[in-house]
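Each chain is listed here by its residues.
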Amino acid sequence: MRKKVTMQQIADTAGVSKFAVSRALTGKSGVSEQTRDKIIRTAGQLGYFKNGTGGAARAVVSDEEKDREMNPDWQRQTGTILVLFPNIRHQNMDSLYWGPVFEGISARLNEKGLDILTLTEPSSDKVFSLLNPEAIQGIITVGAVSPSLLLEFQRLQIPVVMVDHSDSAFHCDTVFSDNISLMREMMNQLIAIGYRKFQFAGNIYDAPSFLERWTAFRMMLDEHNIPLEQNTKLFHEDIVGLKEAVSEIPKSQLPEVFVCVNDSTARFVLEQLTNQNVSVPDDCTVTGFDNVMVDLPILATVDVNKSLLGRRAVDQLLWRVEHPSSPAERLLIHAEMIFRDTYMTPKRG
């Protein structure tokens, strides 16, 4: 039997007072937003939100019977889907990455005859003070979402699918590009060409996908017995810091390849190399990810199908509405590797 997680245990683990835990978990004022998110994430990791089922043991029934009982309208595909689109860190509909994701969601919902309600800039964690939760059939989140909002979804027991984001405090279906496999494929080809000196560039903590790409990068160096000599300043969270980190590398110590976390990061690295009169690809080369800047002079990128991520999120949400008791799933979508021969350089000696 699962032991009940207490507020004191959460407080001790998070390094805060029991009072702060109580205020955060009940949605009351008195704690900062940062502390509230920390407490909610800690509570989720400890299993606090899984304690509310309780009760006497029930007869074993099939998953389908459970689903029908929990959701009598399980075969109905009507209603409104809420698409939550926080406008943070260029995470908006004008983005070359996020815009097509949203277009895919919208197109698929239209095909299914479902209404779409888009919330682009939630000003409060009390989203449903403005909405009727009973009218919302499901929620699709695009990119990063605060733990407080996720807790609100859990409290209301509305099915959720996250696109390109996950949170250890909240278990739900997620849709990602297959970052690990794709970065492994890119590194395999770079190493096969003959490259041996690499630096990874970009804020690896900005998104789960970025951390996965960094993890795969390290895995491939290890598998090929290539020393990891990473300059961690290249993980800087802002553009200025990243460019400064690139500028501090002497020309004689440049890597053969800057492996960038995405195309946007690759663009900033290229701009700084140009400012330093570094010739690309003669002196070094650069790779990206996501294929959002087709004219970028980079060696390789990954053509992530952004629209498909959105369409498959809708499919997964509709499946989840019909199967609420099934374990959470993580859907990975493969993509095409693009090598641009124009920027290929001879094998290093």
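Quick caveat: nothing in here was measured; it's all calculated off a predicted structure.

**Describing the overall build of the protein**
- The helix and strand inventory of the protein stands at eleven helices and eleven strands.
- A burial count over the protein gives 48% of its 349 residues as buried.
- For the protein, contacts bridging at least 24 residues in sequence account for 68% of all contacts bridging at least 6.
- Within the structure as shown, the protein displays about 17,400 Å² of accessible surface, and the carbon and sulfur contribution to it stands at 49%.

**Structural notes on the pairing of strand E7 (residues 257–260)**
- Side chains Val257 and Val259 of E7 all project onto a buried face; the interleaved residues Phe258 and Cys260 project onto the opposite face, where all are buried too.
- One ladder, built from four bridges, connects strand E6 (residues 198–201) with E7; its direction is parallel. Paired with Phe200 across the two strands is Val259, which belongs to E7.
- In the sheet, E7 pairs with strand E8 (residues 285–287) via three bridges, with the strands oriented parallel.

**Quick word on the sheet that holds strand E10 (residues 330–333)**
- If you trace the six strands from one edge of the open sheet to the other, you get E2-E1-E3-E4-E5-E10, paired in parallel fashion. Edge positions in the sheet fall to strand E2 (115–119) and E10, since each has one partner strand and no second. When strand polarity is set aside, the average angle formed by the axes of neighbouring strands in this sheet is 20 degrees.
- Relative to E10, strand E5 (residues 173–177) runs parallel, the two being bridged by four bridges.

**Some remarks on the environment of Gly288**
- With respect to the secondary-structure elements, Gly288 resides in the loop between E8 and strand E9 (300–303).
- Excluding residues within four positions of it along the chain, Gly288 makes contact with Met186, Cys260, Asn262, Asp263, Ala266, Ile298, Ala300, Thr301 and Val302.

**Digging into the nonpolar core**
- In this structure, Met187, Leu190, Phe198 and Phe258 are the most contacted members of the largest nonpolar core, which totals 73 residues.
- Excluding its chain neighbours within four sequence positions, the residues that come into contact with Phe258 are Gln199, Leu234, Val246, Ile249, Val269, Leu273, Cys284, Thr285, Val286 and Thr287.
- Judged by nonpolar contacts, the second largest core, of 13 residues, contains Leu82, Ile158, Met162 and Phe170.

**Regarding the packing of aromatic side chains**
- Within the structure shown, the criterion is met by seven aromatic pairs.
- Here Trp214 and Phe217 contribute two aromatic rings whose centre-to-centre distance is 5.7 Å and whose plane-to-plane angle is 25 degrees, an arrangement assigned as stacked. Placement of both Trp214 and Phe217 in helix H8 (residues 208–223) is noted, with a separation of three residues, approximately one turn of the helix.
- Of the residues examined, Phe217 reaches a relative accessible area of 0% and is grouped as buried.
- Counting every residue linked through ring pairs, the aromatic cluster contains Phe198, Phe200, Trp214, Phe217 and Phe235.
- Across from the ring centre of Phe176, 4.2 Å away, lies the NZ or CZ of Arg330, which sits over that ring.

**A short note on unusual backbone geometry**
- With omega at 15 degrees, the peptide bond leading from Val280 into Pro281 counts as cis.
- On the secondary structure map, Pro281 appears in the loop between helix H10 (263–275) and E8.
- At Gln157, a position not held by glycine, the phi torsion is positive, near 55 degrees.
- Inspection of the secondary structure puts Gln157 in the loop between helix H6 (147–156) and strand E4 (160–163).
- Phi at Asp164 takes a positive value of approximately 60 degrees, unusual for a residue other than glycine.
- Tracing the backbone through its elements, the reader meets Asp164 in the loop between E4 and E5.
- Taking relative accessible area as the criterion, Asp164 reaches 7% and is therefore assigned buried.

Cut-offs and rules
Residues numbered from 1 in each chain as written. Predicted model: local features only at pLDDT ≥ 70, side-chain atom pairs only at ≥ 80, totals over all residues. Heavy atoms only, no water. Helix = DSSP H or I, 4+ residues; strand = E, 2+ residues; numbered from the N terminus. Buried < 20%, exposed > 50% of the residue type's maximum accessible area, 1.4 Å probe, protein only. Contact = heavy atoms within 4.5 Å. Areas by Shrake-Rupley, 256 points an atom, 1.4 Å probe, with all protein chains shown as cover. Pairing = 2+ DSSP bridges. Axes fitted to C-alpha atoms, helices over the stretch in contact; angles between N-to-C directions. Core = buried A, V, L, I, M, F, W, Y, C linked by side-chain atoms within 4.5 Å. Phe/Tyr/Trp six-rings, centres within 6.5 Å; stacked < 30°, edge-to-face > 60°. Lys NZ or Arg CZ within 6 Å of the ring centre and 35° of its normal.

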